[in-house]
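# Close look at the chain arrangement
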Amino acid sequence: MGLTLLATTHRVAPGLLTWRAWDALRSASSVRLRDGHPLLPSLRDAGVAPELVPEPDPSRLVADARDRDVLWVTAPDGDEPLMREIGALVVQDPVDVEVLHGSYDLPGARLLDLVSVMDTLRRECPWDRKQTHATLVPYLLEEAYEVLDTVESGDYGALREELGDVLMQVAFHSVVAAERDDGTEFTIDDVAGAIVDKLVRRHPHVFGDVTVSGADEVNANWEQIKAAERAEKGGAEASALDGVPLGQPALSLAAQLQRRAGRMRAPAELADGLAADLPRDVPADAAAAGGELGVRLFELVREATERGVDPEAELRAVSRVFRDRVRSWERRAPHA
C-alpha cells in the first residue's frame, strides 16, 4: 500500500513515459488525475481507466493510500503546493510515498518555454505586439554588446543572463517573421533547422568522411565550403566579401575586410593610395585631412591584424583605461 506521485514534463509529447511509469500506472489500484490532463488520452489508449477529479484532496489521497496503491498524476507544472501538503500530512501520520519521474526534460527543452512565452507576449502585450524587425534591431545590438562587456570584464556570472537576452531577441524576430504571409515568413524551427544544416555541412570532418590534421585544415575546409555556397547563391557575381556587414563598427569592419582579403591572397598593393579613391563630396581640405586620417586608421588596423590582435578590442581596452582616469579625476576634483 502507498501513494505514488507521478511527475511528468510538458516539454515532451504526452505518453512518452519510462517503463517504470507505465508499470506503475497499470498496477496501481487507483490512478487519479485532473480532468483535461494532457496525459489522459494516452492513458485511455493504454487501457488505464483513471479517476478524474477537479482538484486533488491531499488528505483523501493519503488516507486512501493506507488501504491500496494510489497513483496521482501530477500537473505538468509539478503540483508543488500539493506535494508540500502531502509532505506535512505524512510527517504527522506516516505512509509510504514515492515520487516517480515518468519523463525528463531533454537538453534544450526550456527553449520550448521561451517559444511559448514569446507567442503569448506577441498576442497579449501591447508593446510586444507593435514591434517590427526594424524596431527590434537596436535591442539586438545592445544585448550583443552587453554580452561582449561581460566577457571582456570576466563577469561570467552575468553571462547567462546576457546570453538569455540575446536568445530572446532571436525568438522575438522569429515570432514576428512567422506572422507574414508574403512568402518570406519563417519560424523559430526554420531558424534552428537552417543553422543545424549549415553546421553539419561545414563540418564534414565531424559529420562526414573527411579527415583533417588539425584546426588549420578545418579553417581551410570551412573557407572552401563557404566559397562554394557563395558561388551557388551569387553565381559569377559571388565575392568572398559577401556577407561582411558594413553597419558594424569601422575598426572591426576594416579588420574583417582585411582578413577576408588575406584569405584570398589579395595583393597588398590594393591597400595603397586609398585616399585617392575616397568620395569628394566635402571641401577639398577636409577631404584630404579626413582621407589621411582614415588611411592611417586603416593601416593601424592592418598592423593590429598582423600582430594577431583585435583592433576593436584593443581600442576598447584603452578607452576603459581613459574612462577610469576621468572618473578618478572627477572624484579628486568634483567641481573642476
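Here the structure is a predicted model, which is why all the values come from computation and not from measurement.

## Regarding a nonpolar patch on the surface
Where nonpolar side chains cluster on the molecular surface, the patch consists of Ile195, Val196, Leu199, Val200, Val206 and Phe207 and spans about 520 Å² of accessible area. It is helix H9 (residues 188-202) that provides the largest number of residues to the nonpolar patch, a total of four residues. Note on placement: Val206 falls in helix H10 (residues 204-207).

## Comments concerning helix H1 (residues 19-27)
Every buried residue of H1 is listed here: Ala21, Trp22, Ala24 and Leu25. The arc that holds every buried residue of H1, seen down its axis, measures 160°, which confines them to one face. Within H1, the exposed residues directed more than 90 degrees away from the buried face are Trp19 and Arg26.

## A few points about the pattern of salt bridges
On inspection of all chains with the given rule, the structure shows 20 salt bridges. Ionic pairing is found between Arg84 and Glu80, a salt bridge with its closest N-O pair at 2.9 Å. Here Arg84 and its partner Glu80 are both found in helix H4 (residues 80-92), four residues apart, which amounts to about one turn of the helix. One salt bridge in this structure joins Arg307 and Glu303, with 2.8 Å as the shortest N-O distance. A relative accessible area of 33% places Glu303 in the partly exposed class. Salt bridges here are not isolated pairs; linked through shared partners, they connect Arg32, Glu51, Arg60, Asp64 and Arg68.

## Here's the deal with the pairing of strand S1 (residues 2-7)
By the criterion of burial, S1 is predominantly enclosed, with six of the six residues buried. Across five bridges, the pairing between S1 and strand S4 (residues 69-73) is parallel. If you follow Thr4 over to S4, its bridge partner there is Leu71. Pairing of S1 with strand S5 (residues 97-101), which is carried by five bridges, proceeds in the parallel orientation. Looking at S5, one finds that Leu3 is bridged to Val97.

Cut-offs applied
- Throughout this description, residue numbers start from 1 for each chain and increase along the sequence as written.
- Side-chain atom pairs in this predicted model are given and counted only at pLDDT of 80 or more, local residue features only at pLDDT of at least 70, and totals for whole chains, interfaces and linings cover all residues.
- Excluded from the side-chain calculation are hydrogens and water; included are all heavy atoms of the structure.
- A residue counts toward a patch only above 30% relative accessible area and without a salt bridge, and it is joined to like-charged neighbours within 9 Å or, for Val, Leu, Ile, Met, Phe, Trp and Tyr, to nonpolar neighbours within 5 Å.
- Computed with the Shrake-Rupley method and a 1.4 Å probe, the accessible areas treat only the protein chains shown as cover for residues.
- When a carboxyl oxygen of Asp or Glu lies within 4 Å of a side-chain nitrogen of Lys or Arg, that pair is called a salt bridge.
- Helix and strand assignments come from DSSP, with helices taken as H or I runs of at least 4 residues and strands as E runs of at least 2, each series counted from the N terminus.
- Partly exposed describes any residue whose relative accessible area lies between the buried limit of under 20% and the exposed limit of over 50%, with all areas from a 1.4 Å probe on protein chains only and scaled to the type maximum.
- Each direction from the helix axis to a C-beta atom contributes to the arc, which is the arc of those directions.
- Two strands are counted as paired when DSSP detects at least two bridges linking them.

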